[in-house]
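# Commentary on secondary and tertiary structure
Single-letter residue listing:
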Amino acid sequence: LNIFIRSVLLELVFLSFFFWASSFGTLILAVNQILIQFLHIFAYALDGFAFAGEVLVGISYGKKNIAQLRKAVFLCFNWAAFTALILSGMFFIFGNSFTQLMTNAEEVLEIAKKFKFWIILVPLSSFPAYIMDGIFFGSTHTSEMRRAMIFSTVIYFILAIILTSIFQNNGLWATLNIFLIIRALSLFYYYPKIERSVSSVKNL
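Residues numbered from 1 in each chain as written. Predicted model: local features only at pLDDT ≥ 70, side-chain atom pairs only at ≥ 80, totals over all residues. Heavy atoms only, no water.

## Some points on the overall build of the protein
- What the protein contains, in helices and strands, is six helices and zero strands.
- Going residue by residue from the N terminus, the α and β elements of the protein occur as α-α-α-α-α-α.
- Taking 2.2 N^0.38 as the reference for a compact globule, 204 residues should give roughly 17 Å; the C-alpha atoms of the protein span a radius of gyration of 18 Å, in line with that estimate.
- In terms of principal-axis extent, the alpha carbons of the protein reach across some 65 × 35 × 25 Å.
- Just so you have it, the protein exposes about 10,200 Å², and 71% of that area is on carbon and sulfur atoms.
- A gap of 14 Å separates the mean positions of the 14 positive and 9 negative side-chain charges of the protein. (Helix = DSSP H or I, 4+ residues; strand = E, 2+ residues; numbered from the N terminus. Rg over C-alpha atoms; globule rule 2.2 N^0.38 Å. Areas by Shrake-Rupley, 256 points an atom, 1.4 Å probe, with all protein chains shown as cover. Lys, Arg positive; Asp, Glu negative; His and termini not counted. Charge placed at Lys NZ, Arg CZ, Asp CG, Glu CD.)

## With respect to the pattern of salt bridges
- Across all of its chains, the model carries six salt bridges by this definition.
- Salt-bridge contacts for Arg70 lead to Glu195; the nearest nitrogen and oxygen are separated by 2.9 Å. Of the two residues, Arg70 is situated in helix 3 (residues 66-100) and Glu195 in helix 6 (residues 142-202); the sequence distance between them amounts to 125 residues.
- The partly exposed category is assigned to Arg70, whose relative accessible area is 46%.
- Note that Lys193 is salt-bridged to Glu144, the shortest N-O span being 3.0 Å.
- Among the residues examined, Glu144 registers a relative accessible area of 4% and is labelled buried. (Salt bridge = Lys/Arg side-chain N within 4 Å of Asp/Glu carboxyl O. Buried < 20%, exposed > 50% of the residue type's maximum accessible area, 1.4 Å probe, protein only.)

## Things to note about unusual backbone geometry
- Look at Thr140: it is not a glycine, yet its phi comes out positive at around 60°.
- Tracing the sequence through the fold places Thr140 in the loop between helix 5 (116-138) and helix 6.
- Phi at Gln168 is positive, roughly 50°, even though this residue is not glycine.
- With respect to the secondary-structure elements, Gln168 resides in helix 6.

## Describing the environment of Ile158
- When you line up the elements, Ile158 lands in helix 6.
- Counting along the chain gives 41 residues from Ile158 to Ser199, while the straight-line C-alpha distance between them is 38 Å.

## Describing the environment of Ile131
- Residue position: Ile131 is located in helix 5.
- Linking Ile131 and Ala52, residues 79 residues apart in sequence, is a C-alpha distance of 9.0 Å.
- Residue contacts for Ile131: discarding those within four places in its chain leaves Phe49, Ala50, Cys76, Phe77 and Ala80. (Contact = heavy atoms within 4.5 Å.)

## Side note on helix 5
- With 23 residues, helix 5 extends 34 Å from end C-alpha to end C-alpha; this agrees with the ideal 33 Å at 1.5 Å per step.
- At Val122, helix 5 is bent by approximately 35°, the largest bend along its length, and proline Pro123 sits one to four residues beyond.
- Following helix 5 by one or two positions, Thr140 has its phi on the positive side, about 60°. (Expected span 1.5 Å × (residues − 1). Bend = angle between axes of the 7 residues up to and from the residue.)

## Details of helix 4 (residues 106-114)
- Taken together, the buried positions of helix 4 are Val108, Leu109, Ile111 and Ala112. What you see down the axis of helix 4 is that its buried residues fit within an arc of 165°, all on one side. Every exposed residue of helix 4 that faces more than 90 degrees away from the buried side is listed here: Glu106, Glu107 and Lys114.
- Buried residues belonging to helix 4 abut helix 2 (26-63), helix 3 and helix 5. (Arc of directions from axis to C-beta.)

## Notes on the packing of helix 2 against helix 4
- As a packed pair, helix 2 and helix 4 sit with axes 9 Å apart at the nearest point and diverge in direction by 70°. Comparing their axes, helix 4 and helix 2 come out roughly perpendicular. Two packed elements cross with a definite hand, and for helix 2 against helix 4 that hand is right-handed. Judged by residue contacts, Leu27, Ile28, Ala30, Val31, Ile34 and Leu35 of helix 2 engage Glu107, Val108, Ile111 and Ala112 from helix 4.
- Looking at the contact of helix 2 with helix 4, its residues break down into nine nonpolar, no polar and one charged. (Axes fitted to C-alpha atoms, helices over the stretch in contact; angles between N-to-C directions. Parallel < 35°, antiparallel > 145°, perpendicular 65-115°, else oblique. Left-handed = near helix turned anticlockwise from the far one by under 90°. Nonpolar A, V, L, I, M, F, W, Y, C, P; charged D, E, K, R; others polar.)

Right under this line is the structure:
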């Protein structure tokens, strides 16, 4: 149930993203439909480290080995950060060419250039949340994932209402990136519970 609620809220965020984008006109909606594909591509690439974290954390959590747990978290974060930097750099250099693979509509391509910055930022703003998801999945602390997602979603909608009314599509992309960061921060808040549960069991 915890994972179901978390997944539904995540889908709700992305559905609302396109709902708001549609209010800015068909061209902006088309641009966002294209750019969001890069977010999903980056997510697939970075999720590999989240899956690795899920397995490694699960093993170390099962053994109640806090040193091994911390090493797994450290390694997954380092490799994900390195990969995120590469992905951001690639889109910074080749972003316009990548976008041209999606459409040949000149007007859409020109508008996409104005929002390229947000996709360059996405790998860096999103990878901590992906890794933390893997850590919490691996340690089976799913209730914390649910609470973190509820909090992040509430903040997302509050910010979306405010920022889109002021900055339109830039505000929408800013809100999405902030949502990804808040997801990670809220899970960081709960992370000590994982280490405490390992330490408390080990000391019994």
